[in-house]
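# A look at the structure
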Amino acid sequence: MPVPPDLFARVALDTPLTTLFDYRVQYTGHGEPPIVPGQLVQVPFGRRQVVGVVWEMTQRSEVPSQKIRSLEIAWRELPPLPADWRALMEFAARYYQRALGEVALPALPTHLRSAARWPRLLAERGARHFRLDPRGESALLASLPARAKARRRLAEGLCAAGTLDADEARALCAQAPELLHQWAAQGWVIVENTDADDYADAAAPLEVAAAPRLTDEQQAAFEAIDAALRREDAAPAPFLLHGVTGSGKTEVYLHAVAAALLHPGAQVLVLVPEINLTPQLEQVFRRRFPKETLATLHSGLAEGERARHWLAAHRGRARIVLGTRLAVLASLPHLRLIVVDEEHDPSYKQQESLRYSARDLAVWRAHQRGIPIVLGSATPSLDSWRRAQQGRYRLLTLRERASPDAVLPEVRLIDLQREGQAQRALEDGLAQPLLGAVAQRLARGQQSLLFLNRRGYAPVLACDACGWISGCPRCSAHLVLHKSERRLRCHHCGLEAAIPRACPDCGNLDLAPLGRGTQRIEETLARRFPNARIARIDADSTRRKGSAQALFDEVHAGAIDILVGTQMVAKGHDFRNVTLVGVINADAALFSHDFRAGERLFSQLMQVSGRAGRAGQPGEVLIQTRYADHPLYAALLRHDYAGFAAGQLAEREQASLPPFTHQALLRAEARALAVALEFLQTARDLGQTPELASAQVTLYDPVPMTLVRVANSERAQLLVESPSRPALQQFLSGWVARLRDTKTAARWYLEVDPLDI
DNA sequence: AGCACGCCGACT
DNA sequence: GTCGGCGTGCTC
């Protein structure tokens, strides 16, 4: 009898080490592969047992044979993670310069990363038939401790009968389903008809509720997407759906989703920027599509629920997956359409661990699968806008608000310079015309929304006498006064302190809050309008789970007259009775060092303006500013995104900024700034050695970050730039490989396509 | 990244 | 005498 060749599984594990790890796999006999790529496995790794993903199978290993351990536990009942998911992980790892396992494993819900939880996740799914694999019989019986009577009864019953169904098994042992799934992971038991029912109803036609008629513009946009859905020959160019708030982008999405789901078993991925927006959109989708077809994925779900929804997507049961950026990493074997709502939103970029852009990965994913993707926004990112101008994306435009009685709001500026050299004309930051407009809405029984992107009472507390200010001891930032919680808080490191009664330096009792946050505006309004019902929505007032929804519900129910809020209120919510939007302090962003500040401000103001006047009532937007002739405001008054974008793009091109160049940042932090800077300087020197240097790639000098110190660690960064993305990518991969071998006390990471520099 | 092993200070 | 500080070395 011929000796079977060796067989190894090459497994991705969650470690920064860039290699795959080889494990020996036993043949099972009949020639069928015992383990396949994409399977989840548990393997010994050093002292511990860890979960990994099998990436490939091989008959040869480079690793010395005595080091190789055996793979025993595999989640054989779970369909393997599909090839396109693995390709996405490979791309993300390559693009963001991380180890494969560092990308692939965090993409899974944590419950799937603990083999101890697999049996229960499987047992939840109800009745099954279990068959003994005769080759597993002795191992199974040997694995049982003498005292485990019930388990032994079950094992012996199974060995005697050969097969058991779930009820018979449960009669022998109460935990039968879990145990049998556990034994299946060991390869001793085969679970039958696991997937037969998973896809059964996925192929049945979907019942879609009646949809409203589309406007001509919506119809044209839908038809373009629908045509792309029908063509199967080539990967369609991404669609950029540009439509002002209220123009009915959502209805276009819904029609496109319905069209995509006409394909039996097809799946659709819908991304939204923030958790807050999922319940609202979820409701819209639930009204249109059968409940059981929809699964949500976001970090607000309990872990068990997240695992179940993820598995529903992976098994093809969930036809519509609605979620935040992490949903782009889900396994969706029958994906046919992707929608990215508010594609410009910075929340799509993860700002920790793997710093990926969900929007960019979604575009890659659609291209790789050859399916349509719709990027929707009232104020597209300049990146996407430029691609549309170049013809690389297909632009679909909705010029008008969908409902004929909803007209664009009138945007006016309140010129604070003219309003008064007189600071007195400002009542605690609120100009008289704005207060007058609020009073008018109160009289008419309409709602007002005041937008201020700064939470807390005041951004800093200061001593009039000696000039002391409330600095954070651990960060180069101010402690923010939170009056209602009676605390000083650092918004960067989370440090909290009591409000001092007197100046810590000179003992002066007059400590003055400087500047204004949402709490202070709320207080001013309460004083000025004692009978008005005022609510504040920001990260502080919505800390408890569900409280954001509760506050929004109150606003919708008309129980609130004046709503004060940060950008949380700007996104997505339709406030039917809001006819006034006031923007309190937007100017700061006009002169920011960050070249994207203007782009962000414009889209924020455009978005918050869109809250005004939606249900047949004309809306008014009042913006307080000291720079009334700034071109950004001029464009805003005209509702002229295209004009604004053209201006910005011209400036960016002139200055060779993104999207006309591509960037990456190497960031380092250490207890002492010098250590971080020194590491970056070494990295820069390394990058300029002939072996790595490229004529197309520029390395700038290491510089301290604007906010140097956060939580007692000092930070610096080094900018890398290239007009060519491939050249940048090639440089980065060689560079990072060398950096990994560099010894340093600094913590460092690379950020590709940074949003703020 | 974990998680070991390993070799020097203040404590029951 | 040992509990524990974090230096360096490995994980198929």
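Residues numbered from 1 in each chain as written. Chains lettered and ligands numbered in written order. Predicted model: local features only at pLDDT ≥ 70, side-chain atom pairs only at ≥ 80, totals over all residues. Heavy atoms only, no water.

### What to know about the domain arrangement of chain A
Note the following rule: Each domain's extent was defined by an automatic or database domain assignment. Residues are treated as being in contact if the distance between any of their heavy atoms lies within 4.5 Å. A quick way to say it: buried area is the sum, across both parts, of accessible area lost when two parts are put together, with a 1.4 Å probe.
Each domain of chain A was delimited in the assignment, giving domain 1 (216-398), domain 2 (410-458 + 515-651) and domain 3 (662-752). Its C-alpha centre places domain 1 at a distance of 34 Å from the equivalent point of domain 3. Counting residues at the interface gives 4 residues for domain 1, matched by 5 residues for domain 3. Summed over both sides, the interface of domain 1 with domain 3 buries roughly 320 Å², with 24% coming from carbon and sulfur.

### Here's the deal with the protein's contact with DNA strand C
Note the threshold: Throughout, near means a residue has at least one heavy atom within 4 Å of the molecule or strand. Each polar contact in these results corresponds to two N or O atoms within 3.5 Å; when the atoms are within protein, one needs to be able to donate a hydrogen and the other to accept it, and residues that are neighboring in sequence are counted only if both atoms are side-chain atoms. Numbering of helices and strands starts at the N terminus; helices are DSSP runs of H or I of at least 4 residues and strands are runs of E of at least 2.
As a matter of local geometry, DNA strand C sits amid L17, F21, D22, Y23, P44, F45, G46, V63, K67, I68 and R69. Near-protein atoms of DNA strand C (within 4 Å) split between backbone and bases, with sugar and phosphate holding 60%. Interatomic distance of 2.5 Å between a backbone N/O atom of D22 and a sugar or linking oxygen of DNA strand C. Residue Y23 places a side-chain N or O atom 3.3 Å away from a phosphate oxygen belonging to DNA strand C. Contributing elements (two or more residues each) for the surface near DNA strand C: β2 (21-24) and β3 (40-45).

### Structural notes on the pattern of salt bridges
To keep things clear, this is the line we draw: A pairing counts as a salt bridge when a side-chain nitrogen of Lys or Arg comes within 4 Å of a carboxyl oxygen of Asp or Glu. Relative accessible area decides the class of each residue, using a 1.4 Å probe on protein chains only: under 20% of the type maximum gives buried, over 50% gives exposed, and in between gives partly exposed.
This structure, assessed with the given rule, holds 46 salt bridges. Here R131 and E192 are joined by a salt bridge, their closest N and O atoms 2.6 Å apart. You can see R131 sitting in strand β7 (residues 129-132) and its partner E192 sitting in strand β9 (residues 189-192), a full 61 residues away along the chain. Residue class for R131 comes out partly exposed when judged on its relative accessible area of 31%. The partner of R306 in a salt bridge is E303, and the shortest N-O contact between them spans 4.0 Å. Here R306 pairs with E303, and both are found in helix α11 (residues 303-314), just 3 residues apart, close to one helical turn. You can call R306 buried: its relative accessible area is 15%.

### A closer look at the sheet that holds strand β26 (residues 534-537)
As a reminder of what qualifies: When DSSP finds two or more bridges between a pair of strands, those strands are recorded as paired. With axes taken as lines fitted to C-alpha atoms, and helix axes fitted only over the stretch in contact, angles between N-to-C directions fall between 0 and 180 degrees.
An order of β17-β29-β28-β20-β27-β26 is seen for the 6 strands of this open sheet, with the pairing classed as parallel. Strands at the two margins of the open sheet, each flanked by one partner only, are β17 (410-415) and β26. Strand-to-strand twist across the sheet, computed as the mean angle between neighbouring axes with direction ignored, equals 20 degrees. Sheet topology note: the β17/strand β29 (residues 620-625) ladder contains 6 bridges and is parallel. Bridge pairing links D415 to T625 in β29. Packing of helix α18 (residues 597-609) onto the sheet brings it into contact with β20 (447-451), β28 (578-583) and β29, and relative to β20 it is tilted by some 170 degrees.

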